[in-house]
Amino acid sequence: MRVAPIRFFSRPPTPGLVDRFGRRQSYMRISVTDRCNMRCDYCRPSAGDWRSEARERLLSFEEIARIARVATELGVTKIRLTGGEPLVRRDLPRLVGMLVGLGRIRDLAMTTNGALLARHARALADAGLMRVNVSLDSLNSLRFQRLTGGELSGVLRGIEAARRVGLEPIKINCVLMRGVNDDEAPALMDFAAREGLTLRFIELMPMKRGLDWNRRYLGIDQLLRRDEVRMRLAGKRPLAGSQDVARYWAMRNGGMVGFITPMSARFCEGCNRLRLTADGGLRSCLPADGQLNLRDLLRGGCTDDEIRAVFLRAALIKPEIGIYEFDAGAEKRSMIQIGG
Ligand code: SAM
């Protein structure tokens, strides 16, 4: 009798990246830079608390692509490029092309402040980027200037350019803050409905010290109690079946509005996210301290198996629930450093 030869695999088939609580890690947010061309004060640490990393400490595109390849082999199918502002990193379409070339990514998106989007939208789409989220905290150009240091008209042109080249669906992210821009919720909803965009309101997270979070925080539950918001929603309940972190409602005038509640109703239960910081740190929880250093490992000449082991460890140490520290010190990483 002939016995079928035993086949040896270089490694056992991997069950993918599943954490201790059964959550499959399939989504990686990659920060390509910790620099930004805007100055949103809730995102950037106060002067004196932080300086952006020296360029040579940031991952090269080749290093990012190698890490992403290992991640996709472990089951990551969705990648979002972020920062800092991803579009201040020169030649970003080249990285997009490298990621597309991995062949396993089903959703390749970018979060941007939109200021440089009009200039780069075509090249990004041609390279294979699928869609963009654009941050927009105000539709009033003076206020926008004051909050971000940027120009509203450029962002609106960026959104238009993204639409022209098909980087859709376009989602607009807005951090609503009490006494800062919460009066603009109705105008932002009307804007999104008119322009056929998906708007998402996000609760302010205490990501840096000196943020005055207590005064500025506006819970989504409070927002939803406002007449001028409620009257713009169609129906009494959110839409069922969304895969996103947001709870979406249809709007009366068209389009959708989503509410993201990291503070008032955590969504850790279904968290499938990993984050790669621009300087090569792998994190499995946004607020939790501690990240695993991939950059030094790569630069020390590691094997793919060693990178794989770091991913498995990141999944292993992912906490069940992410807890925000309200009195975090200067050493705590803020959004611009982690990648939002
Ligand atoms: N520069 C890009 C942008 O503006 O979209 C990408 C990076 S930015 C860090 C990503 C998102 O994080 C933005 O939508 C920003 O509003 C959000 N963000 C930053 N700090 C935050 C905070 N403390 N609370 C809630 N959202 C925050």
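Residues numbered from 1 in each chain as written. Predicted model: local features only at pLDDT ≥ 70, side-chain atom pairs only at ≥ 80, totals over all residues. Heavy atoms only, no water.

Participant: In this structure, what is going on with the sheet that holds strand β1 (residues 27-31)? I would like to understand it.
Facilitator: Within a beta sheet, neighbouring strands are joined by backbone hydrogen bonds and run either parallel or antiparallel to one another. A sheet is described by the order of its strands in space; here 11 strands give the open sequence β7-β8-β6-β5-β4-β3-β2-β1-β9-β10-β11, paired in mixed fashion. Edge positions in the sheet fall to β7 (247-250) and β11 (292-293), since each of these pairs with one other strand and no more. As defined by bridge partners, strand β2 (residues 78-82) adjoins strand β3 (residues 107-112) across 4 bridges and the pair is classed as parallel. Directly across from Arg-80, in β3, lies its bridge partner Ala-109. (Pairing = 2+ DSSP bridges. Helix = DSSP H or I, 4+ residues; strand = E, 2+ residues; numbered from the N terminus.)

Participant: Where do I start with unusual backbone geometry in this structure?
Facilitator: Residues apart from glycine generally show negative phi values, whereas peptide bonds are mostly found in trans. Put simply, Glu-168 and Pro-169 share a cis peptide bond, and its omega is 0°. With respect to the helices and strands, Pro-169 occurs in the loop between α5 (152-164) and β5 (171-175). At Asp-91, a residue that is not glycine, the phi angle is positive and equals roughly 70°. Checked against the element boundaries, Asp-91 lands in the loop between β2 and α2 (92-100). On the basis of relative accessible area, Asp-91 is assigned to the partly exposed category, the value being 46%. With phi around 60°, Asp-212 is a residue other than glycine that occupies positive phi space. (Buried < 20%, exposed > 50% of the residue type's maximum accessible area, 1.4 Å probe, protein only.)

Participant: I'm lost on the environment of Leu-282 in this one. Help?
Facilitator: Checked against the element boundaries, Leu-282 lands in strand β10 (residues 281-283). On the accessibility criterion, Leu-282 (2% relative accessible area) is buried. Separated by 38 residues in sequence, Leu-282 and Asp-244 place their C-alpha atoms 22 Å apart. With residues near it in sequence (within four places) discarded, Leu-282 still touches Met-28, Arg-275, Gln-291, Leu-292, Leu-294, Val-310, Phe-311 and Ala-314. (Contact = heavy atoms within 4.5 Å.)

Participant: So what exactly am I meant to see when it comes to the site of the ligand here?
Facilitator: The full set close to the ligand counts 18 residues, and Tyr-42, Gly-84, Glu-85, Ser-135 and Met-205 are the nearest of them. The contact in question runs from a nitrogen atom of the ligand to an N or O atom on the side chain of Glu-85, over 3.0 Å. Within the side chain of Ser-135, a nitrogen or oxygen atom sits 2.5 Å from an oxygen atom of the ligand. Across the complex, the protein chains shield 94% of the 550 Å² of accessible surface that the ligand would expose by itself. Residue assignment for the shell around the ligand shows that the elements contributing at least two residues are β3 and β5. Looking at the shell around the ligand residue by residue, the classes come out as 7 nonpolar, 9 polar and 2 charged. (Near = heavy atom within 4 Å. Polar contact = N/O pair within 3.5 Å; in protein donor to acceptor, adjacent residues only side chain to side chain. Areas by Shrake-Rupley, 256 points an atom, 1.4 Å probe, with all protein chains shown as cover. Nonpolar A, V, L, I, M, F, W, Y, C, P; charged D, E, K, R; others polar.)

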